[in-house]
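Overview (structure and organization)
What follows is the residue order along each chain.
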Amino acid sequence: MVQAIAGLPFLLSEGMEVRFVPPTLKGPRSAVVRELYQSKGNACEVSFDGVESASDADVLIGSYCLVRRDSLPEIDYASTPSALAGWRVVDAEFGDLGEIAEVIDNPGQSLLVVQGERGEVLIPAVDEFIRSIQEEERVVGTAIPAGLLTLSESSDEDIPEDES
């Protein structure tokens, strides 16, 4: 069973060459993806050319699969917002809002949970608010309405203090 790292889409495909890390002394260090079988959630059962026995597979438990960057498919961040976790958010009007701490997947729309100096800001992952995705810099450019920030600021003030 092979799982994607939390927050990232599953990217292995048939024919892709992988390197296993950390390398093992008595097992395979590389292989080619032979077949993929969709499993639960963001996991697949993968068979590799070069991993021929159960003992070969047992040695690889807990290993990561690395691939060449040019072997990876293009990621459509608009349809896979969970891949944006850890990226910075910079708004056209309000500047640096912080880092995407989490992506909440809701039916029909995802929310980016941004943690920064303004506290937690929830930004709907919709075309109207997301203006650019700068992959190399890992920055999401936004243009959010001012009310979105004041909404998060006022919700913090509305929480009653413990009067005990």
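Up top you'll find the structure we're talking about.
Presented here is a report on the structure given in the accompanying data block. (Residues numbered from 1 in each chain as written. Predicted model: local features only at pLDDT ≥ 70, side-chain atom pairs only at ≥ 80, totals over all residues. Heavy atoms only, no water.)

**Considering the overall build of the protein**
Along the protein, the regular secondary structure elements total 2 helices and 11 strands. Along the protein, helices (α) and strands (β) appear in the sequence β-β-β-β-α-β-β-β-β-β-β-β-α when read from the amino end. Considering the protein as a whole, with its 164 residues, one finds that 30% of them fall into the buried category. Put simply, 42% of the contacts in the protein that link residues at least 6 apart link residues at least 24 apart. Element-wise, carbon and sulfur atoms account for 50% of the exposed surface of the protein, whose accessible area totals about 10,700 Å². (Helix = DSSP H or I, 4+ residues; strand = E, 2+ residues; numbered from the N terminus. Buried < 20%, exposed > 50% of the residue type's maximum accessible area, 1.4 Å probe, protein only. Contact = heavy atoms within 4.5 Å. Areas by Shrake-Rupley, 256 points an atom, 1.4 Å probe, with all protein chains shown as cover.)

**Some remarks on the packing of aromatic side chains**
In the structure shown here, the tally under the stated rule is 1 aromatic pair. Each ring, one from F20 and one from F48, has its centre 5.3 Å from the other, and the planes form 85°; the classification is edge-to-face. With F20 in strand β2 (residues 17–21) and F48 in strand β4 (residues 43–49), the pair connects residues that are 28 residues apart, well separated along the chain. Pair check on accessibility: F20 and F48 agree, each one buried. (Phe/Tyr/Trp six-rings, centres within 6.5 Å; stacked < 30°, edge-to-face > 60°.)

**Considerations on the sheet that holds strand β8 (residues 109–116)**
Spatial ordering of the open sheet is given by β9-β8-β7-β6-β11-β10, a layout of 6 strands whose pairing is mixed. Two strands bound the open sheet, and with one partner strand each, they are β9 (119–124) and β10 (130–134). Mean inter-strand twist for the sheet, computed between neighbouring axes without regard to direction, equals 35°. Direction of pairing for β10 relative to strand β11 (residues 139–142): antiparallel, over a ladder of 4 bridges. Bridge pairing links I133 to V140 in β11. (Pairing = 2+ DSSP bridges. Axes fitted to C-alpha atoms, helices over the stretch in contact; angles between N-to-C directions.)

**Examining the nonpolar core**
One finds L97, I100, V114, I123 and I144 to be the most contacted residues of the largest nonpolar core, which totals 17 residues. When contributions to this core are tallied by element, the ones reaching two or more residues are β7 (95–106), β8, β9 and α2 (146–157). The element best represented in this core is β7, accounting for 3 residues. Other than its neighbours up to four places away in sequence, I144 contacts D91, F94, L97, I123, F129 and L149. With 13 residues, the next largest nonpolar core counts V2, F10, V33 and C44 among its residues. (Core = buried A, V, L, I, M, F, W, Y, C linked by side-chain atoms within 4.5 Å.)

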